[in-house]
Each structure stands twice: as C-alpha cells, then as structure tokens.
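Examination of the molecular architecture
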Amino acid sequence: MIRNMNSYPLYDDGKHRVYWLGIEESEDEKGILTNQYLVIDGNEAALIEPGGFFVFSRVLKNVSSLIPPTQIKYLMYSHQDPDVVAGLNLWFEYAPLAEVAVSELWVRFIPHMAVLSAGRIIGIPDKGMEFQLGSSKIKAVPSHYLHSPGNFSFYDEKSGILFSTDIGAAAFSSNEWYLFVEDFEGHARLMEAFHKRYMSSTKALRAWVRSIRRLNPKVIAPQHGAIFRDENVGKFLDWLESLDVGIDVFENEFYGE
Amino acid sequence: MKRKATSVEILAGKDEVIRILEDSPQFITNWPYVVKVSTRDGLVAEILLPRFLFKFGDTYRFSVMKDDTSYIYDGTGKRSHLIVTVTLKEWQTHTMADIELSYKGRGEFLLGKPLEVLLKGIGNGLKSLSEAPKQAPVPAISSHVADEVDFADPMSVANFLVKSRMVHSGLHVVQKGGLLNLVLELRENLKDDVLYVSGITQDGSKSFKLLLRKSQILALEYRSDNEIKVVKVEDDASARQALEFVSRIEGAYMVNAWVPVGGV
Ligand SMILES: [Fe+2]
Ligand SMILES: [Fe+2]
C-alpha cells in the first residue's frame, strides 16, 4: 500500500510557494492515487483538487502545517467527479472563508453535496477566468471533454506549474511509486488505457495541447500519477497530440458499424 | 562521514513501531524528499532535494538489517552512502526511538542543513505512521457520531460532517451572551435534536464551532485573536466551561448550521 504523509515543495521563491500534499491508497482504489496541491502567495492560499473523505486528515494536517486554513481563499475543483469534490462539505467548514471555484456547469449540483452555497461558489465560465491570489494569478484553462464536459486545468503563472486535472493521470503498479516522471516511455504505458477510455474526444485533446503549448508551462502536475518537468513536459504534450481517444477510438466497438 | 542523531517519543507501543519499521518500503516512502520508491528489483529509493533548496539527489539501493533493538537501513547510492539506524526503547505506554543518520559522499560538507531536515523528518514520519490508525478511516455510521465529536480531532468532526447537510448559512451579529438565542432562532424550523453551528468573522480573526443535542452542548471550539479553547463536554465542570466560552462570543459572524442526515 502506498502511503506518503509528507508534502513536497515544488516551488518556493520566498513569497510564492507551491506544494504537493502527499498521497495514500485506499482499499477501494488500488493504483489510482489522488494528488492534492497547495499554492500560497503571501498570506493567501489556493487548495487545488482538495479530494475526499479518505484523504482529508492528511491533507488538512499538511495544509495546516503550511498556512492556517482560514487563509485559504480558493478551493479549486477541476470537475465534478467524486474523487475531486467528495470532501466539499468538510472543506466548506475547515476553510470557512474560502470560495469554491468550479465550472459553471456544476454549480447547480453543489446543493447535492449537502452545502448551501451562500455566495461562496464561483462558477467558472466556459472560456475560463483568472483568480487573484496575493500578488499572483491563477488561470482557469478550458479542458472541456477531458474528461468532463465542464472541466478546467489551473495554471499558476508565477511558478509555471499547470495543474492538469485528469489529463496525465497514471495508474501505478503495486511495486513502484514516484513523484516525478523520469522514464517517459515507461510512464506512458501507465497512462495510455486511462486516457483512451476516459478522455472523450481526440479533437478536444488536440485543442487543449495547442492552448497549453501557448502557455508554455515549466511543470505539468496531474490529479493522479506523477509530475512532468523539464523535457518530459514537451514529451507529454507530443504524446497527447499523437493519441486517439474516446469516441474516436470506441465508436465501432460500442455502437457497431 | 557526517553523522547526526536525534530521539523521538512515540505515543505507541513498541510492537506498533516495529510494524512500521518492518515495512521498509512504506517507511522509506515517508522520509522527507523521497520522490521514488520501487521494490521491483530490491528496495530502491530516490532522495531528491527541492531544486530551489540545493541541487542534489541520489538513488539508493537499500539493504535492511535488524537485531533485537535496532533496524539499520543501509543505502548505497551512485554518489553517496546513507545509513539510518533506528534503536527502540520501550516505556510503559510509549516508545523512544533513537535515530542516527550517517552520510558519506557527494556534497558531504554542504549538506548539513538538509541532512538535519532529513533526520528530523524520518523521526516525525515514524512517529506519525506509528500513531496513525492502521488504515484509512471509514466514515462511521454509528448512532454515536455526534457524541464522539471532539474538535481536537478533525476526523471526528469529518465523520459527523460527511453525514450532515447544511441547513442555514448567513451573516449574524451576535450580542455578547446571545449566541444561544441565535441557536434557538435557527432551531425554529428544524426538527433535529443534534445541531452543529459554526461561525467565523470576515477577517478570520475569531471563530467558534458548537455542537448541541437539544439545549445541551456536546462540544465546543472557541478561537479569538489570542487563544484557542477546545472543550469536549463530559461532566458538569466541562459543561460549565463550554457555557462560559459560549457567553464570550460576540461580533459579526458568517454562520453555518448543519444537521445530521440519516439519523445520527
Ligand atoms: Fe475525473
Ligand atoms: Fe480524477
């Protein structure tokens, strides 16, 4: 069982800091581990993909050791999947001054998470938007259909880190875990099946790759799996560009000729 | 050769600590700066300092040795050699772990500070793994979830919240001593016995969390600029203490109220 209770600093220039917040496997989701990230600028923080009940105690502990949770300004959710939003009511209480950022498509589903939004929900428009954090900016970058129809990646301009939601997700085998991708070809084998089935459309994927190349991130950090940096950022984007996914792969198999 | 040593007190029995030390891949995963662990071909772990700190990393192949009281994790890297020795002493209810780290090789004379962080982190990791529940928690469905809430233990609160729904959210001005009036107001439209009310001022400087069954306070967290008080009501004295803090609450708060769903 993979369990890492530590956080790991990804960026720190004294004023602006970014952390990966640890990882643990639950009995029911072997291999698919969720990453949570924290961005701090001055005395404001954004918690990216806060995650569910099973990871709450570790994430809260690691966040609290870095900044009081009352200083969390944003809880940022890339899409509406349970592995992303299941802990929403916990974080609503433990980050009581934070606003929740999620695609405007999912705003009307928030009451199903048992919380009253009370002006604390920011519905991100389809084209994306910018969030001010301290003196820095986090951009919500459209990632629709990858895999959810209302999906965003989050780009932290100052550190150059792109939080890429499920894009880049990998499933580890039981005998290995790593935080940073080193052997890209080996890692691609852990990503391929997931991307083919979960990502909806090749066209959407290529549009995303185009927009990300314009951003030119230094690091790509997905919600599952390992982090890409240095030459692996480019290799990852090339790999995505060459991949056929979703309905383009499975149309015949699912619906016949 | 650089040597550093530390001791940590672990609030768990020796058997529990040994259980963690025996699972060396898991233990080493929880050392600071460990970014890779593989057991494919022996136990291999990569330690990589954050780049902005110090450009250093090495991949170690570990062999693990043990005797009656100590565990030795001997790591041979490409450019360095790292040995971590953990020696246990059991006391009645807790365990002392003496941890020694020795390092030889590249950057030996520059790595003073990072090696200290590594050593300290190994100690803290061993402590938190040994003291943590064996498995990820499962949301409790027991009827006592509300009674078990203790604001010193966030998971007990999470257990409650995960089975609750928010019934009210709004800005309220609380007069000194008037919080329980607000609770009465909130209760007017509710049938539930158990009610959780939390409030925070807009600047975040003051907050409270209050759990009630009917008019009885079960637990309280009170935070003002200079103090945090947590009360778990268990007898008359703690009940009085909780009431005392409740009576101090005053000001404009963003208030959320939650009730359990499914009969907690
Ligand atoms: Fe997803
Ligand atoms: Fe996901």
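Criteria and thresholds
- Residues numbered from 1 in each chain as written.
- Chains lettered and ligands numbered in written order.
- Predicted model: local features only at pLDDT ≥ 70, side-chain atom pairs only at ≥ 80, totals over all residues.
- Heavy atoms only, no water.
- Helix = DSSP H or I, 4+ residues; strand = E, 2+ residues; numbered from the N terminus.
- Rg over C-alpha atoms; globule rule 2.2 N^0.38 Å.
- Buried < 20%, exposed > 50% of the residue type's maximum accessible area, 1.4 Å probe, protein only.
- Contact = heavy atoms within 4.5 Å.
- Areas by Shrake-Rupley, 256 points an atom, 1.4 Å probe, with all protein chains shown as cover.
- Lys, Arg positive; Asp, Glu negative; His and termini not counted.
- Charge placed at Lys NZ, Arg CZ, Asp CG, Glu CD.
- Donors = N, O, S within 2.8 Å, 3.2 Å for Na, K, Ca; no water.
- Tetrahedral: all angles 85-135°; square planar, octahedral: opposite > 155°, others 65-115°.
- Pairing = 2+ DSSP bridges.
- Axes fitted to C-alpha atoms, helices over the stretch in contact; angles between N-to-C directions.
- 1 Å grid on protein atoms, 1.4 Å probe; cavity = no way out; pocket = protein on both sides within 12 Å on 5 of 7 lines; lining within 4 Å.
- Points joined across faces, edges and corners; volume = space filled by probe spheres on them.
- Nonpolar A, V, L, I, M, F, W, Y, C, P; charged D, E, K, R; others polar.
- Domains from an automatic or database assignment.
- Buried area = accessible area lost by both parts, 1.4 Å probe.
- Salt bridge = Lys/Arg side-chain N within 4 Å of Asp/Glu carboxyl O.
- Polar contact = N/O pair within 3.5 Å; in protein donor to acceptor, adjacent residues only side chain to side chain.

**A closer look at the overall build of chain A**
Within chain A, the secondary structure is distributed over 7 helices and 16 strands. Whereas a compact globule of 257 residues would reach a radius of gyration of roughly 18 Å, chain A reaches 17 Å, a difference of no more than 12%. Principal-axis analysis of the C-alpha atoms gives chain A an extent of 55 × 40 × 40 Å. Relative to its 257 residues, chain A shows a buried fraction of 60%. In chain A, the proportion of contacts linking residues at least 24 apart, taken out of those at least 6 apart, comes to 62%. If you sum the accessible surface of chain A, you get close to 9,700 Å²; carbon and sulfur atoms cover 51% of it. Across chain A, the mean location of the 24 positive side-chain charges is 5 Å away from that of the 34 negative side-chain charges.

**Quick look at the overall build of chain B**
Helices and strands together make up the secondary structure of chain B, namely 7 helices and 13 strands. Its C-alpha atoms give chain B a radius of gyration of 25 Å, clearly above 18 Å, the size a compact globule of 264 residues would have. Taken along its principal axes, the extent of the C-alpha atoms in chain B is 70 × 40 × 35 Å. The proportion of buried residues among the 264 residues of chain B is 49%. The contacts of chain B with a sequence gap of at least 6 include a subset with a gap of at least 24, amounting to 53%. Taking the average place of the 34 positive charges on the side chains of chain B and the average place of its 34 negative ones, the gap between the two points comes to 7 Å.

**Regarding the coordination of the iron ion (ligand 2)**
The iron ion (ligand 2) binds to the protein through Asp83 of chain A (OD), Asp166 of chain A (OD), Gln223 of chain A (OE1) and His224 of chain A (NE2), with metal-donor distances spanning 2.2 to 2.3 Å. Between the 4 donor atoms coordinating the iron ion (ligand 2), the angles at the centre fall across 76 to 169°, so the site counts as irregular.

**Some thoughts on the sheet that holds strand E2 (residues 8-12) of chain A**
Residue and element names in this part refer to chain A. Taken in spatial order, the 7 strands make up an open sheet running E2-E3-E5-E6-E7-E8-E9, and their pairing is mixed. Because the sheet does not close on itself, it has two edges, and the strands there are E2 and strand E9 (121-124). When the angles between neighbouring strand axes are averaged without regard to direction, this sheet yields 20°. Pairing analysis gives 5 bridges linking strand E3 (residues 16-20) to strand E5 (residues 37-41), with the strands arranged antiparallel. The partner of Arg17 across the bridge, within E5, is Ile40.

**Digging into the coordination of the iron ion (ligand 1)**
Residue and element names in this part refer to chain A. Protein coordination of the iron ion (ligand 1) is provided by His79 (NE2), Asp81 (OD), His147 (NE2) and Asp166 (OD), with donor distances spanning 2.0 to 2.2 Å. One can describe the donor arrangement at the iron ion (ligand 1) as irregular, given that its 4 donor atoms subtend angles of 86 to 167° at the metal. All donors to the iron ion (ligand 1) come from one chain, and their sequence spacing reads H-x1-D-x65-H-x18-D.

**With respect to the layout of surface pockets**
Counted as a void, the largest pocket has a volume near 760 Å³. Forming the boundary of the largest pocket are 27 residues, of which Asn6 and Ser7 of chain A together with Pro32, Val117 and Gly121 of chain B lie nearest the centre. Elements that contribute at least two residues to the lining of the largest pocket include exactly E2, E3 and helix H1 (53-64) of chain A together with helix H3 (112-131) of chain B. In terms of residue count, the dominant contributor to the lining of the largest pocket is H3 of chain B (9 residues). Tallied by class, the residues present in the lining of the largest pocket amount to 12 nonpolar, 9 polar and 6 charged. The computed volume of the second largest pocket comes to approximately 610 Å³. Along the wall of the second largest pocket there are 27 residues; nearest its centre are Thr70, Tyr94 and Pro96 of chain A together with Lys209 and Glu221 of chain B. Elements represented by at least two residues in the lining of the second largest pocket include exactly H1 and helix H3 (88-94) of chain A together with strand E9 (194-200), strand E10 (207-213), strand E11 (216-224), strand E12 (227-232) and strand E13 (251-260) of chain B. In terms of residue class, the lining of the second largest pocket is built from 15 nonpolar, 7 polar and 5 charged.

**As for the domain arrangement of chain B**
The domains assigned to chain B are domain 1 (2-135) and domain 2 (145-260). Taking the mean C-alpha position of each, domain 1 of chain B and domain 2 of chain B sit 42 Å from one another.

**Comments concerning the interface of chain A and chain B**
Taken together, the contact pairs 40 residues of chain A with 53 residues of chain B. Taken over both partners, the interface formed by chain A and chain B buries close to 3,900 Å², and the fraction arising from carbon and sulfur atoms is 57%. Interface area lost by chain A to chain B is led by Arg3, Phe53 and Glu93 of chain A, which between them contribute 19%. Inspection of the chain A/chain B interface yields 4 salt bridges. If you look at where chain A meets chain B, you find 16 residue pairs in polar contact (both at pLDDT 80 or more). Of all the elements in the fold, those that place two or more residues in the side of chain A that touches chain B are strand E1 (3-4), E2, H1, H3 and strand E14 (176-178) of chain A. With 6 residues, H1 of chain A is the single largest residue contributor to the side of chain A that touches chain B. Class assignment of the residues belonging to the side of chain A that touches chain B gives a composition of 23 nonpolar, 7 polar and 10 charged.

**Structural notes on the pairing of strand E8 (residues 99-103) of chain A**
All names here are of chain A. Burial of E8 is extensive: 4 of the 5 residues sit out of reach of the surface. Sheet analysis places strand E7 (residues 72-76) next to E8, joined by 3 bridges and oriented parallel. The residue bridging Tyr74 from the neighbouring strand is Glu99, located in E8. Sheet topology places E8 next to E9; 4 bridges connect them, and they run parallel. The residue bridging Ala101 from the neighbouring strand is Ile122, located in E9.

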